[in-house]
Amino acid sequence: MKQNGIFKSLRIALIYLVLGMVYIIFSDKLLGSADNTDMILKVQTFKGLAFILVTSFLIFLLVFRELNRRLASEHKLAESEALYRQYFEAAPYAIIISEFLKVSSANRQAQELFGYSEEELSHLSLSDLTPKEQSDGSLSSEREQGIIREVTAGITPSTGWTCRKKNGEIFEANASFCRVDLKGSTKMMTILVDISERKKYLEELQQKTIFIQTILDNLPIGLALNRFNEGTATYM
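Criteria and thresholds
Residues numbered from 1 in each chain as written. Predicted model: local features only at pLDDT ≥ 70, side-chain atom pairs only at ≥ 80, totals over all residues. Heavy atoms only, no water. 1 Å grid on protein atoms, 1.4 Å probe; cavity = no way out; pocket = protein on both sides within 12 Å on 5 of 7 lines; lining within 4 Å. Points joined across faces, edges and corners; volume = space filled by probe spheres on them. Helix = DSSP H or I, 4+ residues; strand = E, 2+ residues; numbered from the N terminus. Nonpolar A, V, L, I, M, F, W, Y, C, P; charged D, E, K, R; others polar. Patch = residues over 30% accessible without salt bridge, like charges linked within 9 Å, V, L, I, M, F, W, Y side chains within 5 Å. Areas by Shrake-Rupley, 256 points an atom, 1.4 Å probe, with all protein chains shown as cover. Salt bridge = Lys/Arg side-chain N within 4 Å of Asp/Glu carboxyl O. Pairing = 2+ DSSP bridges. Core = buried A, V, L, I, M, F, W, Y, C linked by side-chain atoms within 4.5 Å. Buried < 20%, exposed > 50% of the residue type's maximum accessible area, 1.4 Å probe, protein only. Contact = heavy atoms within 4.5 Å. Phe/Tyr/Trp six-rings, centres within 6.5 Å; stacked < 30°, edge-to-face > 60°. Lys NZ or Arg CZ within 6 Å of the ring centre and 35° of its normal. Polar contact = N/O pair within 3.5 Å; in protein donor to acceptor, adjacent residues only side chain to side chain. Expected span 1.5 Å × (residues − 1). Axes fitted to C-alpha atoms, helices over the stretch in contact; angles between N-to-C directions.

Engineer: Looking at this structure, I do not really get empty space enclosed by the protein. What am I missing?
Structural biologist: It is the rolling of a water-molecule-sized probe over the atoms that shows where space remains empty. Across all of its chains, the model carries one cavity of 30 Å³ or more by this definition. Empty space within the largest cavity amounts to approximately 120 Å³. Elements with a minimum of two residues in the lining of the largest cavity: α5 (140-152), β3 (158-164) and β5 (185-194). Its residues assigned to classes, the lining of the largest cavity comprises 13 nonpolar, two polar and one charged.

So this is what it looks like as structure tokens:
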């Protein structure tokens with residue numbers, strides 16, 4: 001981007017240099033052909049005024065063209081940001097944009113999930129949204145540093161993540177992390193899906209399965225599941 005700006009500046013300067021040199025050379029030749037002193041003074045005055053007029057017009061054209069390009073670019077950028085913001089807010093899952101640890105923005109789902117307002121989240125870091133330890137016993141700070149290294153290297157890690165709400169409630173989530181470039185700076189996008197209810201349901205289902213299997217194993221009589229169509233029987 002910087003090199004592109006330098007190239008455009010040099011191009012404008014070179015155009016002005018070439019046209020200015022051409023004008024001076026031909027106007028001096030015209031001036032040298034004049035014999036009358038009054039004519040020479042008039043030609044010099046006209047030459048100076050014409051030079052100012054021509055160069056002003058050229059500068060106007062170059063600046064006008066460059067401003068139009070910049071305005072068109074800014075307009076496209078504004079449209080892209082508006083579209084990004086629309087998707088960002090309409091996403092069915094929590095999204096947090098951070099400068100790797102410090103939160104810079106969060107969508108409505110993230111605010112509802114953690115119980116913070118967007119203003120409150122903007123003053124927090126990702127460490128404030130996690131307990132000291134993850135559910136597997138690992139330190140959250142060490143896990144965070146590992147994820148940052150992966151994201152910086154261009155990797156998109158996905159993992160189970162233990163989170164903490166504003167009220168102190170702990171919940172489990174599936175988390176995905178990726179690097180994004182926004183407004184000329186590199187940031188990290190975290191996508192979180194709350195799996196607390198699903199995990200609770202699976203745990204309850206597993207407990208019921210174990211309970212039923214325990215009853216079956218301790219019955220004083222044998223049970224068999226007969227599949228008459230297949231001609232098989234499974235003893236339980």
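Engineer: Can you walk me through a nonpolar patch on the surface in this structure?
Structural biologist: A cluster of nonpolar side chains, Ile6, Leu10, Leu14, Leu17, Val18, Met21, Val22, Ile25 and Phe26, forms an exposed patch at the surface whose accessible area comes to about 870 Å². Position of Val18 among the secondary structure elements: in helix α1 (residues 2-32).

Engineer: How should I be thinking about the pairing of strand β4 (residues 170-182) in this particular structure?
Structural biologist: As a general feature of sheets, a regular strand has side chains that alternate between the two faces. Relative to β4, β3 is paired through seven bridges, and the arrangement is antiparallel. For Ser158, the partnering residue across the bridge sits in β4 and is Ser176. Where β3 hands over to β4, the hairpin turn is made up of five residues, of which Gly168 adopts a positive phi near 90 degrees.

Engineer: Where do I start with the pairing of strand β2 (residues 102-106) in this structure?
Structural biologist: Bridging between strand β1 (residues 94-99) and β2 involves four bridges; their strand directions are antiparallel. By the bridge assignment for β2, Ser98 is matched with Val103. Counted between consecutive antiparallel strands, the loop separating β1 from β2 contains two residues, among which Phe100 sits at a positive phi close to 70 degrees.

Engineer: Looking at this structure, I do not really get the nonpolar core. What am I missing?
Structural biologist: One broad trend across soluble globular proteins is that nonpolar side chains are buried collectively. Counting residues in each nonpolar core, the largest one holds 24 residues, and the members touching the most others are Ile96, Phe114, Leu129 and Leu192. Elements supplying a minimum of two residues to this core: β1, β2, α3 (108-114), α5, β3, β4 and β5. With four residues, the top contributor of residues to this core is β4. Ignoring anything within four residues of it in the chain, the contact list for Leu192 reads Tyr93, Ala94, Ile96, Leu113, Phe114, Cys163, Ala173, Asn174 and Ala175. Of all hydrophobic cores here, the second largest spans seven residues; its members include Phe88, Ile95, Cys178 and Val180.

Engineer: I'm lost on the pattern of salt bridges in this one. Help?
Structural biologist: Oppositely charged side chains can form a pair if their charged atoms are brought close together. For the structure shown, the criterion picks out four salt bridges. Across the pair Lys166 and Glu120 runs a salt bridge, and its minimum N-O distance is 3.0 Å. Here Lys166 is found in the loop between β3 and β4, whereas its partner Glu120 is found in helix α4 (residues 118-121), with 46 residues between them in sequence. Residue class for Lys166 comes out partly exposed when judged on its relative accessible area of 44%. Between Glu169 and Lys165 there is a salt bridge, with the nearest N and O atoms lying 3.8 Å from each other. Judged by relative accessible area, which is 39%, Glu169 ranks as partly exposed.

Engineer: What exactly am I supposed to notice about the packing of aromatic side chains here?
Structural biologist: By convention here, two paired aromatic rings are described through the distance between centres and the angle between planes. Applying the stated criterion to the full structure yields three aromatic pairs. Measuring from ring centre to ring centre gives 5.7 Å for Phe60 and Phe64, while their planes differ by 20 degrees; the resulting arrangement is stacked. Residue Phe60 and its partner Phe64 are both found in helix α2 (residues 37-90); the two are separated by four residues, about one turn of the helix. Under the relative-accessibility criterion, Phe64 is labelled partly exposed at 44%. It is Lys165 that lies over the ring of Phe171; its NZ or CZ is 5.5 Å from the centre.

Engineer: How should I be thinking about the side chain of Glu172 in this particular structure?
Structural biologist: As for its position among the elements, Glu172 is in strand β4. Within the structure, the side chain of Glu172 is placed 3.0 Å from the side chain of Thr162, a separation counted as a polar contact.

Engineer: I keep staring at α5 and nothing clicks. Help me out?
Structural biologist: Each α-helix winds once per 3.6 residues, and so residues spaced three or four apart point in a common direction. Along its 13 residues, α5 runs 18 Å from first to last C-alpha, staying within 8% of the 18 Å computed at 1.5 Å per residue. Within the sequence span of α5, burial applies to Ser140, Glu144, Gly146, Ile147, Ile148 and Val151. Where α5 ends, the next residue or the one after it, Gly154, has phi of about 90 degrees, a positive value.

Engineer: What's the story with the sheet that holds β2 in this structure? I'm lost.
Structural biologist: The strands making up a sheet are joined through hydrogen bonds of the backbone, oriented either antiparallel or parallel. If you trace the five strands from one edge of the open sheet to the other, you get β2-β1-β5-β4-β3, paired in antiparallel fashion. Looking at strand neighbours, the two that pair on one side only are β2 and β3, the edges of this open sheet. The mean angle between the axes of side-by-side strands here comes to 40 degrees, regardless of whether they run parallel or antiparallel. Sheet contacts for α5: β3, β4 and β5; angle to β3, the most-contacted strand, approximately 140 degrees.

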